[in-house]
Amino acid sequence: MGKVIVVTSGKGGVGKTTSSAALGAALAHDGDKVVVVDFDVGLRNLDLIMGAERRVVYDLVNVIQGEAKLTQALIRDKRLETLYLLPASQTRDKDNLTAEGVEKVITALKSVFDWVICDSPAGIERGATLAMRHADIAIVVTNPEVSSVRDSDRIIGLLDSKTLKAENGERMEKHLLLTRYDHARAERGDMLKVDDVLEILSIPLLGIIPESMEVLRASNLGAPVTLADERSVPAVAYFQAARRLKGEDLPITIPGERRGFFGKMFGRKAA
Amino acid sequence: MTSVLTQPRPIRLKGRSFLALSLSPELPFADWLARLDDLASRSTGFFMRRPVVLDITGIEIDRAQLRDLVEQLATRQVRIMGIEGARPSLLDASVPPAMADGRTTSDIEVPVVAEAVTATRAAAVPDAAPSAAPSVKAVPSLIVTEPVRSGQSLVFIEGDVTIVGSVASGAEIIAGGSIHVYGTLRGRALAGAMGNATARIFCRKLEAELLSIDGYYKTAEDLGPELRGKAVQFWLEGDTFKSGSLA
């Protein structure tokens, strides 16, 4: 039985889709069977980021409404044979997602894949609540700025009340993925520091992804950043986050921090 | 003789409309009262100070029964200000006056205290035997050991609220008594919300958006920058907000 991960944030434009694709590819890189599901019906992007936009025939809404079989809608990645994409519909709206339909699809995917990554739309409405509903693990993507942090806090509240796990009285495993982090700007006080964000959100840190041109370049190429250039700084950060997801205990380093000057290194333990 | 009629200052009478809660009892009254008690136990003080109209449209009832029902409600702190839908013969000086032509607004939801709260209360007040003579009741309090997230509203009008953790920006705590936050208070804290001028607000680190005690409030802007980030308490003296350091 695979694990269901929701990648969510509340706020838009913080890097949910980029992170879903990058983590999906990183997990699949090690041979795990991974499917990334786009829940952003009406505003789908994941197909572009994963470079599969010209191969979409059927989508999530077709499957939920019984117009296509799940196997017809799944798109296998051309670079990694264990990575799949379930695209969203661009022409319909989120009302086409039904709770029963989503449950059926997730249950079916869980029985075949090791990881089911649900890329949530922004907001706290239907699409977002359905994307998180069946999750075992939540990855909260946050930028180091106040509005993103407050929206993430709101989402954490919903994860603890509106998901199946919460309704069954279980605890949802939640991780913070801090994206678009710029160490120099944080030091200057233009951005929130890592500790500030952690203090406010008080959930364990999965990783820190630096603000980088590589990310933009990769999405324009139509490749998850972890496939476009495995050794780029953001790719390495995503690979490490993926290993932490699998339970490895790796120290977290702040990208861009000057190390070794006084032999000083900030290691942060992931919980 | 005419001086009375030419009094320069007439009695002022004005029409004014208010929103009142309307209760519709059902027969048999004993069962209905039991259900009301159950609801009241989950949201103590809900009817307190609220005008309530008793709607007995279509209920077969005589004057003695009506008087008894009004008394029964009075013992439950539900004060009936008027009766709707009663035959004129039912009403005399011993029961509240008739009311008519009420307009319906939306149903009012009774804020039922969350499960966790009820559990805490049950644990705090171990089954006080209902038959026992009136004894000293412990003041209930609610302890929350998790951060209160943005968008969450924690309402506990029975008494004090203690948060072991932070209250996020965009979250609110509404307490009948005092509010204690052993973390950073970034959201709103409304203490003494049911009318309690002795309630206080305590926090380890003040970043609050709004504070209120007994209906008197201050926004972050009114609080001034000196207190930001400090461990402070707030209380009321008359209608002025007082603050003191906790460090």
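Note that the structure is a prediction, hence the values are computed from the model and not measured. (Residues numbered from 1 in each chain as written. Chains lettered and ligands numbered in written order. Predicted model: local features only at pLDDT ≥ 70, side-chain atom pairs only at ≥ 80, totals over all residues. Heavy atoms only, no water.)

**Some words on the environment of Ile254 of chain A**
Residues and elements named next belong to chain A.
So, step 1. You can see Ile254 is positioned in the loop between β9 (251-252) and β10 (268-269).
So, step 2. A residue is classified by how much of its surface remains accessible, and Ile254, at 6% relative accessible area, is buried.
So, step 3. Taking the C-alpha atoms as reference points, Ile254 and Pro210, separated by 44 residues in sequence, lie 8.4 Å from one another. (Helix = DSSP H or I, 4+ residues; strand = E, 2+ residues; numbered from the N terminus. Buried < 20%, exposed > 50% of the residue type's maximum accessible area, 1.4 Å probe, protein only.)

**Brief notes about unusual backbone geometry**
So, step 1. For Ser202 of chain A, which is not a glycine, the phi torsion comes out positive at approximately 40°.
So, step 2. Here Ser202 of chain A shows up in the loop between α10 (194-201) and β8 (205-210).
So, step 3. The residue Asp214 of chain B is not glycine, and still its phi comes out positive at about 55°.
So, step 4. Tracing the backbone shows Asp214 of chain B in the loop between β12 (210-213) and β13 (216-219).

**What to know about the nonpolar core**
Residues and elements named next belong to chain A.
So, step 1. In terms of nonpolar packing, the biggest core is built from 51 residues, with Val35, Phe39, Leu86, Leu109 and Val116 touching the most fellow members.
So, step 2. Here this core gets five residues from one element, more than from any other, and that element is helix α7 (residues 146-159).
So, step 3. Here Leu109 is in contact with Val35, Val37, Leu70, Leu74, Leu86 and Val116, once residues within four sequence places are set aside.
So, step 4. Grouped together as the second largest cluster of nonpolar side chains are 38 residues, Val7, Ala22, Ala242 and Leu245 included. (Core = buried A, V, L, I, M, F, W, Y, C linked by side-chain atoms within 4.5 Å. Contact = heavy atoms within 4.5 Å.)

**Observations concerning the packing of helix α1 (residues 16-29) of chain A against helix α13 (residues 233-245) of chain A**
All names here are of chain A.
So, step 1. Two numbers describe how α1 lies on α13: the axes approach to 9 Å, and their chain directions differ by 70°. The angle between the axes of α1 and α13 places the two elements in the roughly perpendicular class. Viewed along their axes, α1 and α13 form a crossing whose handedness is right-handed. Facing Thr18, Ser19, Ala22, Leu23, Ala26, Leu27 and His29 of α1, the residues of α13 in contact are Tyr238, Phe239, Ala241, Ala242 and Leu245.
So, step 2. Considered class by class, the residues forming the contact of α1 with α13 number nine nonpolar, three polar and no charged. (Axes fitted to C-alpha atoms, helices over the stretch in contact; angles between N-to-C directions. Parallel < 35°, antiparallel > 145°, perpendicular 65-115°, else oblique. Left-handed = near helix turned anticlockwise from the far one by under 90°. Nonpolar A, V, L, I, M, F, W, Y, C, P; charged D, E, K, R; others polar.)

**What about the packing of α7 of chain A against α10 of chain A?**
All names here are of chain A.
So, step 1. The contact between α7 and α10 brings their axes to 10 Å, and the two run at 30°. In this view, α7 runs roughly parallel relative to α10, as classed from their interaxial angle. For the element pair α7 and α10, the recorded crossing hand is right-handed. Packed against α7, whose contacting residues are Val149, Ser152, Asp153 and Ile156, the element α10 presents Val197, Ile200 and Leu201 at the interface.
So, step 2. Looking at side-chain class alone, the contact of α7 with α10 contains five nonpolar, one polar and one charged residues.

**Side note on the confidence of the model for chain B**
So, step 1. Per-residue confidence for chain B gives a mean pLDDT of 80; residues scoring 70 or more make up 77%.
So, step 2. Confidence drops under a pLDDT of 50 for residues 113-133 of chain B, and excluding neighbours within four residues, the segment shows 14 contacts in the predicted structure. (pLDDT = per-residue confidence, 0-100.)

**Remarks on a nonpolar patch on the surface**
So, step 1. A surface patch of nonpolar side chains, amounting to about 290 Å² of accessible area, comprises Ile143, Val164 and Tyr182 of chain B.
So, step 2. Secondary-structure assignment places Ile143 of chain B in strand β5 (residues 141-144). (Patch = residues over 30% accessible without salt bridge, like charges linked within 9 Å, V, L, I, M, F, W, Y side chains within 5 Å. Areas by Shrake-Rupley, 256 points an atom, 1.4 Å probe, with all protein chains shown as cover. Salt bridge = Lys/Arg side-chain N within 4 Å of Asp/Glu carboxyl O.)

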